[in-house]
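# Chain and residue survey
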Amino acid sequence: MTGDESVQRMEFMLTLRRRGITDQAVLRAMDEVPREHFVEAQHAGFAYADQAMPIPCGQTISQPFIVAYMTEQLQVRDNHRVLEVGTGSGYQAAVLSRLAREVISIERYRTLADAARTRLKTLDYNNVDVVAGDGFAGEPSRAPYDRIIVTAAAENVPQALTEQLAEDGIMVIPLGPQEGHQELARLTKTKGWLKRDNLIPVRFVPLLPGRAREL
Ligand code: SAH
């Protein structure tokens, strides 16, 4: 790491703390995962800026603060199995893999799923399984999940995900219209019922129905 890079990484961690992330395990995970490997090569110089960035297929890698915040709200423990919908670059999955027993991540673009799988394997994140598929259907064969995180915005909570969330499980999901006001919601399942807490306003790419026909 050059001097410049280590200053950027220190500022990155300071920004997360300043913006209110306090969970030490989450901060450690954010510190450990090298974001420069998850952005496009031409953006590597900005990997530690607190901003979302374009990735292939017209998608985005989320802003680091949002990744840390969603992870903190998810309250992941080391015996948990986590389902992520929207693998994208694989960055959020890598952060989760530092905290959970196992991460299963679904992506509708095969190109993105394949690239993320290769990237995660190269970086030795061996407890993540990337699946090309439709997040609206979840991954029923391995349900229930202790935690579910959705990193694309839906108008409503997909029914299959509700069903695949374990009792006492937590789901964090951006809810709202594609172009309008989206709220990050935390849903807690108690005796089969979901309790909803609105957390912060957010802006995510839409959760699109079906497997992508295009690559
Ligand atoms: N978590 C990602 C950011 C993802 S952006 C990261 O850390 O980089 C949202 C992703 O959700 C996009 O890659 C998009 O293709 C994917 N997506 C949208 N609708 C989907 C669906 N129905 N099933 C699975 N993935 C979906």
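Residues numbered from 1 in each chain as written. Predicted model: local features only at pLDDT ≥ 70, side-chain atom pairs only at ≥ 80, totals over all residues. Heavy atoms only, no water.

## Let's talk about the sheet that holds strand E6 (residues 145-150)
Here is the rule we go by: By this definition, two strands are paired if DSSP reports at least two bridges between them. Secondary structure elements follow DSSP: runs of H or I no shorter than four residues count as helices, runs of E no shorter than two count as strands, and numbering proceeds from the N terminus. For helices, the fitted line uses only the C-alpha atoms of the stretch in contact; every axis is such a line through C-alpha atoms, and the angle between N-to-C directions lies from 0 to 180 degrees. A contact between two residues is defined here by any heavy atoms of the two lying within 4.5 Å.
Strands sit in the order E5-E4-E3-E6-E7-E8-E9 across an open sheet of seven strands; the sheet is mixed. Unpaired on one side and paired on the other, strand E5 (128-132) and strand E9 (193-202) mark the two borders of the sheet. Sheet twist, expressed as the mean angle between neighbouring strand axes with direction ignored, is 15°. Where E6 meets strand E7 (residues 165-175), four bridges bridge the pair, whose relative direction is parallel. The residue bridging Arg147 from the neighbouring strand is Ile170, located in E7. Packing of helix H3 (residues 64-74) onto the sheet brings it into contact with strand E3 (81-85), E6, E7, strand E8 (182-190) and E9, and relative to E7 it is tilted by some 155°.

## Focus on the pattern of salt bridges
Keep this limit in mind: Note on definitions: salt bridges are taken to be side-chain nitrogens of Lys or Arg within 4 Å of carboxyl oxygens of Asp or Glu. The classification of residues rests on relative accessible area computed with a 1.4 Å probe and restricted to protein chains. Under 20% of the type maximum is buried, over 50% is exposed, and intermediate values are partly exposed.
Under the defined criterion, the tally for this structure stands at seven salt bridges. For Asp114, the salt bridge identified is with Arg117, shortest N-O distance 2.9 Å. With Asp114 and Arg117 both in helix H5 (residues 110-122), this residue pair falls three residues apart, about one helical turn. Residue class for Arg117 comes out partly exposed when judged on its relative accessible area of 33%. Via salt bridges that share partners, Asp129, Glu139 and Arg142 belong to a single interconnected network.

## Points about the site of the ligand
Selection criterion: It suffices for a single heavy atom of a residue to lie within 4 Å of a molecule or strand for the residue to be listed as near it. In the analysis that follows, any N or O atom pair within 3.5 Å is treated as a polar contact, provided that within protein one partner can donate a hydrogen and the other can accept it, and provided that, for residues neighboring in sequence, both atoms belong to side chains. The protein chains shown are the only cover counted for residues, whose accessible areas, like all others here, come from Shrake-Rupley with a 1.4 Å probe. Asp, Glu, Lys and Arg are counted as charged, while Ala, Val, Leu, Ile, Met, Phe, Trp, Tyr, Cys and Pro are counted as nonpolar; the rest, among them Gly, fall into the polar class.
Neighbouring the ligand are 26 residues, the closest being Gly86, Ser89, Glu107, Gly135 and Leu208. In this structure, Gln92 approaches the ligand through a main-chain N or O atom, which is 3.0 Å from an oxygen atom. One of the backbone N or O atoms of Arg108 is found 3.2 Å from a nitrogen atom in the ligand. Taken by itself the ligand offers 590 Å² of open surface, and the protein chains cover 100% of this. Among the elements of the structure, strand E2 (59-61), helix H4 (91-97) and strand E4 (102-107) are those that each provide at least two residues to the shell around the ligand. Here the element with the most residues in the shell around the ligand is E2; it accounts for three residues. For the shell around the ligand, the class distribution of residues is eleven nonpolar, eleven polar and four charged.

## Focus: H3
Within H3, eleven of the eleven residues are buried, leaving the element largely enclosed by the surrounding structure. Every buried residue of H3 is accounted for by Pro64, Phe65, Ile66, Val67, Ala68, Tyr69, Met70, Thr71, Glu72, Gln73 and Leu74.

## Things to note about the packing of aromatic side chains
Inclusion rule: Centre distance within 6.5 Å is the pairing criterion for rings of Phe, Tyr and Trp, where only the six-membered ring of Trp is used; planes under 30 degrees apart are then read as stacked, over 60 as edge-to-face, and the remainder as tilted. We call a charge positioned above a ring when the Lys NZ or Arg CZ atom is no farther than 6 Å from the ring centre and deviates by at most 35 degrees from the ring normal.
According to the stated counting rule, one finds three aromatic pairs in the structure shown. Their ring planes at 90° and their centres at 5.0 Å tell us that Phe12 and Tyr48 sit as a pair that is edge-to-face. Taken as a pair, Phe12 in helix H1 (residues 3-18) and Tyr48 in the loop between helix H2 (24-32) and strand E1 (53-55) lie far apart in primary sequence, 36 residues in all. You can call Phe12 buried: its relative accessible area is 4%. Overall, Tyr48 belongs to the buried group, its relative accessible area being 11%. A centroid spacing of 5.6 Å and a plane angle of 65° characterise the contact between Phe38 and Tyr91, whose relative ring orientation is edge-to-face. With Phe38 in the loop between H2 and E1 and Tyr91 in helix H4, the pair connects residues that are 53 residues apart, well separated along the chain. Taken as a pair, Phe38 and Tyr91 share a single burial class, namely buried. Above the face of the Phe65 ring, Arg19 is positioned so that its terminal group lies 3.9 Å from the ring centre.

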